[in-house]
Amino acid sequence: MSDIQQAVAFYEGKLGLPVLRSGPSATIADGSRVYGSGGGPALNVYQSVTAGKTPATLATWYVDDIDQIVDELVSSGVEFIRYDQLEHDARGITARAGGGRIAWFQDPDGNTFALEADA
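Note that the structure is predicted; figures quoted are calculated from it, not measured. (Residues numbered from 1 in each chain as written. Predicted model: local features only at pLDDT ≥ 70, side-chain atom pairs only at ≥ 80, totals over all residues. Heavy atoms only, no water.)

Enquirer: Hey, could you go over the overall build of the chain for me, with residue numbers and the actual values?
Expert: Check the secondary structure of the chain and you find two helices and eight strands. Helices (α) and strands (β) of the chain occur, in sequence order from the N terminus, as α-β-β-β-β-α-β-β-β-β. Here the chain has a C-alpha radius of gyration of 15 Å; the compact-globule value for 119 residues is 14 Å, and the two agree. Each principal axis of the C-alpha distribution contributes one length, and for the chain these read about 45 × 30 × 25 Å. Expressed as a percentage of its 119 residues, the buried residues of the chain come to 40%. Partitioning the intrachain contacts of the chain with sequence separation of at least 6 by distance along the chain shows that 47% fall at a separation of at least 24. In the structure as shown, the chain presents an accessible area of about 6700 Å², 49% of it carried by carbon and sulfur atoms. Mean positive and mean negative side-chain charge positions of the chain (8 and 16 charges, respectively) differ by 3 Å. (Helix = DSSP H or I, 4+ residues; strand = E, 2+ residues; numbered from the N terminus. Rg over C-alpha atoms; globule rule 2.2 N^0.38 Å. Buried < 20%, exposed > 50% of the residue type's maximum accessible area, 1.4 Å probe, protein only. Contact = heavy atoms within 4.5 Å. Areas by Shrake-Rupley, 256 points an atom, 1.4 Å probe, with all protein chains shown as cover. Lys, Arg positive; Asp, Glu negative; His and termini not counted. Charge placed at Lys NZ, Arg CZ, Asp CG, Glu CD.)

Written out as structure tokens, the structure reads:
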């Protein structure tokens, strides 16, 4: 993230991820967080000048009920991405290659994440 406070607002406030630990990041005191998800460490977020520079999906969460999770995140202010070349349902969920369903969203820096479900 380019700003750790924006990261905190997004990952804790909108995604609701629990903080497992926080600490320094390079020369930034209190500039990193490790968030839990699914019962264990899932995501290390830290302040960086290169935040948001990759177009690739950085992390994927595999969920049982993608409709419910998307609805919960939308109600928290998360916006889902709709790619022109794909057909999306009303929630922004699309068919996944090989079966299942997928939806993408971004953090404030434009880092892309996905939710995937087998059904």
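There's more to say after this.
Enquirer: So what about the nonpolar core? Which residues, and what values?
Expert: Tyr 11, Leu 43, Phe 105 and Leu 115 are the most contacted members of the largest nonpolar core, which totals 25 residues. When residues of this core are traced back to their parent elements, those giving at least two are helix H1 (4–14), strand S3 (40–46), strand S4 (57–62), helix H2 (66–75), strand S7 (101–106) and strand S8 (112–117). Ranked by residue count, the leading element in this core is H1, at five residues. Other than its neighbours up to four places away in sequence, Phe 105 contacts Phe 10, Leu 15, Trp 61, Leu 73, Val 78, Glu 79, Phe 80, Ile 81, Asn 111, Thr 112, Phe 113 and Leu 115. (Core = buried A, V, L, I, M, F, W, Y, C linked by side-chain atoms within 4.5 Å.)

Enquirer: Pulling in residues and values, what's your account of the environment of Ser 48?
Expert: In this fold, Ser 48 is placed in the loop between S3 and S4. In this structure, the C-alpha to C-alpha distance between Ser 48 and Glu 72, residues 24 residues apart in sequence, is 29 Å. Excluding its chain neighbours within four sequence positions, the residues that come into contact with Ser 48 are Met 1 and Ser 2. Of the polar contacts made by the side chain of Ser 48, one reaches the side chain of Thr 50; its length is 2.9 Å. (Polar contact = N/O pair within 3.5 Å; in protein donor to acceptor, adjacent residues only side chain to side chain.)

Enquirer: Describe in detail the pattern of salt bridges, supporting the description with residues and values.
Expert: A complete count under the given rule lists eight salt bridges for this structure. The salt bridge involving Glu 12 is made with Arg 33; its shortest N-O contact spans 3.9 Å. With Glu 12 in helix H1 and Arg 33 in strand S2 (residues 28–37), this residue pair connects regions lying 21 residues apart in the sequence. Accessibility expressed as a relative area gives 9% for Arg 33, which makes it buried. Salt bridges sharing partners connect three or more residues here, namely Asp 67, Asp 71, Asp 89, Arg 91 and Arg 101. (Salt bridge = Lys/Arg side-chain N within 4 Å of Asp/Glu carboxyl O.)

Enquirer: Describe the packing of aromatic side chains, listing the residues and the values that go with them.
Expert: All chains considered together, the criterion is met by nine aromatic pairs. With 6.2 Å between their ring centres and 15 degrees between their planes, Trp 61 and Phe 105 make a pair best called stacked. With a gap of 44 residues between them, Trp 61 in strand S4 and Phe 105 in strand S7 connect regions that are remote in the sequence. We note that Trp 61, like Phe 105, is buried. A network of ring pairs unites the aromatic residues Phe 10, Tyr 11, Tyr 35, Trp 61, Phe 80, Phe 105 and Phe 113 as a single cluster. (Phe/Tyr/Trp six-rings, centres within 6.5 Å; stacked < 30°, edge-to-face > 60°.)

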